[in-house]
Amino acid sequence: MNILRALCLAVMSFAFSQSAFALQALQITERQPGHLESWIALSILITSVLTAWFLNQNAPKVRVFGTILAALGCFAIAAWFLFYVLGTGFLENPKPNQTPLDSAKPALLWIQAMMALVSGVALLAVAVKQSKNTEILELSAANEPDRYGRVSRVLHWTIAILFLALIPMGIFASIIPEGTEYRVEYYVVHKTIGVTVLALVLVRLFWNRQSKRPALDASLTSKERKLAHLAHIALYVMMIMIPITGFIMTSFHGAPTFFFAWELEPLWGFSKTGTIVWGMLHKYLLPYLLYIVLGAHILGALKHQLIDKHTNAFKRMVS
Ligand code: HEM
Ligand code: HEM
């Protein structure tokens with residue numbers, strides 16, 4: 001177990017040191033010969049998969065470790081904002097606004113960073129509580145009638161972590177003034193992880209067909225049941241539509257889509273109207289809708305657990 005922990009810590013330190021702060025060191029307009037930015041994207045991906053994997057292991061101590069990793073991920077996002085983003089001065093002097101809504105971006109980044117900080121502290125408190133639990137989690141790969149199996153859980157948490165990280169990353173990328181030296185690197189990481197999320201969502205949809213998803217929790221009232229069902233459908237639609245609209249917007253803008261070291265050239269010619277229409281979807285409509293649906297999803301799950309005291313509800317997805 002100690003060897004396992006040491007190995008995890010090494011991977012984790014590598015991933016964090018490569019990801020949040022390494023972008024700061026890049027001072028280039030073109031992609032690096034060694035594709036450092038692809039390694040950064042890979043580190044973020046590996047860290048997210050490992051966190052989701054540890055969160056759903058049988059041994060209680062490994063699950064505690066997963067919770068600590070999740071807390072460290074939240075702190076990394078908050079630290080990236082407080083110690084790096086604020087220092088760039090782009091919040092005061094961003095790329096010129098394209099719509100009045102763009103002036104909300106500094107406030108959005110502040111809110112998201114503070115939420116990451118609070119979530120990190122809350123997760124550490126959960127880890128302390130969790131460490132008193134010695135119960136072995138008997139979990140099969142397939143879904144069961146009243147709880148999600150390991151495959152669905154790992155997919156849910158990997159996608160959730162990557163999705164949540166893409167939001168501040170996308171907002172920050174969009175305010176970096178044109179011509180800033182490392183600007184392209186943020187797009188490489190954002191697009192690479194965005195495409196990866198789409199691929200993972202397709203795997204998840206395939207898995208849902210192979211292994212029937214559990215029915216909604218029996219303790220929900222019929223109104224809560226309808227809302228939860230609607231929220232789940234809306235989240236699936238957004239998990240598919242947000243990366244697809246990003247890809248189409250990028251192509252209409254005449255820019256390549258990056259996937260690690262690979263570059264896919266735009267599939268069609270530049271179009272201002274196309275960029276505006278698909279940009280409205282990717283940059284405004286879908287993210288603002290996402291804030292509402294995701295807020296309802298997370299608050300609903302927390303209410304279920306903390307206010308209604310349905311202590312088994314949360315455990316259907318993570319224990
Ligand atoms: C960190 C915050 C999150 C928490 C606490 C959370 C919690 C949960 C829980 C407890 C469930 C199981 C619901 C049930 O018992 O039926 C669930 C399901 C689900 N979550 Fe999340 N979630 C989070 C983030 C996300 C994100 C970011 C997304 C997508 C972008 C997402 C998408 C979904 C979907 C689609 C389901 C339904 C799964 C299915 O039946 O296939 N969640 N979540
Ligand atoms: C789940 C996947 C994704 C999420 C959650 C996401 C989210 C976001 C968000 C919140 C923004 C900031 C919008 C703004 O405030 O202006 C953004 C910007 C951006 N996204 Fe994504 N994105 C995803 C996938 C993609 C993909 C796959 C691509 C392209 C292949 C892409 C390309 C872009 C570009 C180019 C911008 C910056 C636009 C600008 O400079 O104004 N995104 N993204």
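Caption draft 1: Focus on the site of ligand 1. What surrounds ligand 1 is a group of 19 residues, the closest being Tyr148, His156, Tyr236, His297 and Arg316. In this structure, Tyr148 approaches ligand 1 through a side-chain N or O atom, which is 2.6 Å from an oxygen atom. The contact in question runs from a nitrogen atom of ligand 1 to an N or O atom on the side chain of His297, over 2.8 Å. Put simply, the parts of the chain that give the shell around ligand 1 at least two residues each are α6 (150-175), α8 (222-252) and α9 (272-307).

Caption draft 2: Geometry of unusual backbone geometry. In this structure, Phe260 takes a positive phi of about 50° despite not being glycine. You can see Phe260 is positioned in the loop between β1 (257-259) and β2 (262-264).

Caption draft 3: Region of interest: α9. Look at α9: 49 Å from first C-alpha to last across 36 residues, which is about the 52 Å you get at 1.5 Å a residue. Where α9 is buried, its residues meet α6, α7 (183-210) and α8. You can read the cap of α9 off the contacts: a side-chain oxygen lies 3.5 Å from the backbone nitrogen of Thr273, and it is on Ser271.

Caption draft 4: Seen up close, a positive patch on the surface. The grouping of Lys129, Lys132, Lys309 and Lys315 at the surface amounts to a positive patch. On the secondary structure map, Lys309 appears in the segment after α9. For Lys309, a relative accessible area of 59% translates into the label exposed.

Caption draft 5: Fine view of the layout of surface pockets. Considering only enclosed or pocket space, the second largest pocket measures out at about 1400 Å³ in volume. In this structure, the second largest pocket is lined by 50 residues; those nearest its centre are Ser174, Tyr187, Met249, His282 and Lys283. When contributions to the lining of the second largest pocket are tallied by element, the ones reaching two or more residues are α5 (105-130), α6, α7, α8, β1 and α9. The greatest single-element share of the lining of the second largest pocket, amounting to 12 residues, is contributed by α9. Of the residues belonging to the lining of the second largest pocket, the class tally is 28 nonpolar, 14 polar and 8 charged.

Caption draft 6: Broad picture of the coordination of the iron atom of ligand 1. Donor atoms from the polypeptide that coordinate the iron atom of ligand 1 comprise His156 (NE2) and His297 (NE2), at 2.0 to 2.1 Å from the metal. Because the angles between the 6 donor atoms bound to the iron atom of ligand 1 fall within 85 to 180°, the donor set is best described as octahedral. Taken together, the residues His156 in helix α6 and His297 in helix α9 connect sequence positions 141 residues apart. Relative accessible area serves as the criterion here: at 11%, His156 is assigned to the buried category.

Caption draft 7: Seen up close, the packing of helix α3 (residues 36-55) against helix α4 (residues 60-88). Relative orientation of the contacting elements α3 and α4 amounts to 145°, with a least axis distance of 7 Å. In this structure, α3 meets α4 at a crossing whose hand is left-handed. Taken together, the residues of α4 that come into contact with α3 (itself represented by Leu50, Thr51, Phe54 and Leu55) are Val62, Arg63, Phe65, Gly66, Thr67, Leu69 and Ala70.

Caption draft 8: Structural view of the environment of Thr47. Counting through the fold element by element, Thr47 comes out in helix α3. You can call Thr47 buried: its relative accessible area is 10%. With 115 residues separating them along the chain, Thr47 and Leu162 place their C-alpha atoms 9.8 Å apart.

Caption draft 9: Molecular detail of the site of ligand 2. Ligand 2 sits among 24 residues. The nearest are Lys105, Tyr187, His190, His282 and Lys283. Here an oxygen atom of ligand 2 and a side-chain polar atom of Ser174 are 3.4 Å apart. Within the side chain of Tyr187, a nitrogen or oxygen atom sits 2.6 Å from an oxygen atom of ligand 2. Most atoms of ligand 2, that is more than half of them, are within 2 Å of grid points of the second largest pocket. Where the shell around ligand 2 is concerned, the elements lending two or more residues are α6, α7, α8 and α9. For the shell around ligand 2, the class distribution of residues is 11 nonpolar, 9 polar and 4 charged.

Scoring rules and cut-offs
Residues numbered from 1 in each chain as written. Chains lettered and ligands numbered in written order. Predicted model: local features only at pLDDT ≥ 70, side-chain atom pairs only at ≥ 80, totals over all residues. Heavy atoms only, no water. Near = heavy atom within 4 Å. Polar contact = N/O pair within 3.5 Å; in protein donor to acceptor, adjacent residues only side chain to side chain. Helix = DSSP H or I, 4+ residues; strand = E, 2+ residues; numbered from the N terminus. Expected span 1.5 Å × (residues − 1). Contact = heavy atoms within 4.5 Å. Patch = residues over 30% accessible without salt bridge, like charges linked within 9 Å, V, L, I, M, F, W, Y side chains within 5 Å. Areas by Shrake-Rupley, 256 points an atom, 1.4 Å probe, with all protein chains shown as cover. Salt bridge = Lys/Arg side-chain N within 4 Å of Asp/Glu carboxyl O. Lys, Arg positive; Asp, Glu negative; His and termini not counted. Charge placed at Lys NZ, Arg CZ, Asp CG, Glu CD. Buried < 20%, exposed > 50% of the residue type's maximum accessible area, 1.4 Å probe, protein only. 1 Å grid on protein atoms, 1.4 Å probe; cavity = no way out; pocket = protein on both sides within 12 Å on 5 of 7 lines; lining within 4 Å. Points joined across faces, edges and corners; volume = space filled by probe spheres on them. Nonpolar A, V, L, I, M, F, W, Y, C, P; charged D, E, K, R; others polar. Donors = N, O, S within 2.8 Å, 3.2 Å for Na, K, Ca; no water. Tetrahedral: all angles 85-135°; square planar, octahedral: opposite > 155°, others 65-115°. Axes fitted to C-alpha atoms, helices over the stretch in contact; angles between N-to-C directions. Left-handed = near helix turned anticlockwise from the far one by under 90°. Sits in = over half its atoms within 2 Å of the grid points.

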